[in-house]
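Chains, contacts and geometry: an overview
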Amino acid sequence: EVHIRLSLPHSGNAEITIYNLKGQLIESLNLGRLQKGTHQLNYQFGNELSSGVYLFRLKGESFQEVIKGVLLK
């Protein structure tokens, strides 16, 4: 399980898209409408994914941020 802490500069719709380092889409999660501020997201990777580095792209109505995460099994 991965814990992602989000800090949103504005209220609005948000989504997280997860990619591997080859740029292949793993999953896209629509978070719906979130309020401005800090939020915690708990994401459960499927068993089919191997250990490695993944990119998490947080996209809102007026911002975008990419963070790296490491999955260790």
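Residues numbered from 1 in each chain as written. Predicted model: local features only at pLDDT ≥ 70, side-chain atom pairs only at ≥ 80, totals over all residues. Heavy atoms only, no water.

Inspection of the secondary structure assignment puts Thr 17 in strand E2 (residues 12–20). By relative accessible area, Thr 17 is classed as buried at 4%. In this view, Thr 17 contacts Leu 25, Glu 27, Ser 28, Leu 55, Phe 56 and Arg 57; residues no more than four positions away in its chain are not counted. (Helix = DSSP H or I, 4+ residues; strand = E, 2+ residues; numbered from the N terminus. Buried < 20%, exposed > 50% of the residue type's maximum accessible area, 1.4 Å probe, protein only. Contact = heavy atoms within 4.5 Å.)

A separate point is the sheet that holds strand E3 (residues 25–34). As summarised here, the arrangement of the four strands in space is E3-E2-E5-E6, forming an open sheet in which the pairing is antiparallel. On the outer flanks of this sheet lie E3 and strand E6 (64–71), each paired with one strand and no other. On average, adjacent strands in this sheet sit at an angle of 20 degrees to one another, irrespective of strand direction. The pairing of E2 with E3 spans eight bridges and is antiparallel. (Pairing = 2+ DSSP bridges. Axes fitted to C-alpha atoms, helices over the stretch in contact; angles between N-to-C directions.)

The subject of this paragraph is the pairing of E2. Connecting E2 to the next strand, E3, in antiparallel fashion are four residues, including Gly 23 with a positive phi near 85 degrees. Two elements, E2 and strand E5 (residues 52–60), share seven bridges in a ladder whose sense is antiparallel. Its bridge partner lying in E5, Asn 20 is registered against Tyr 54.

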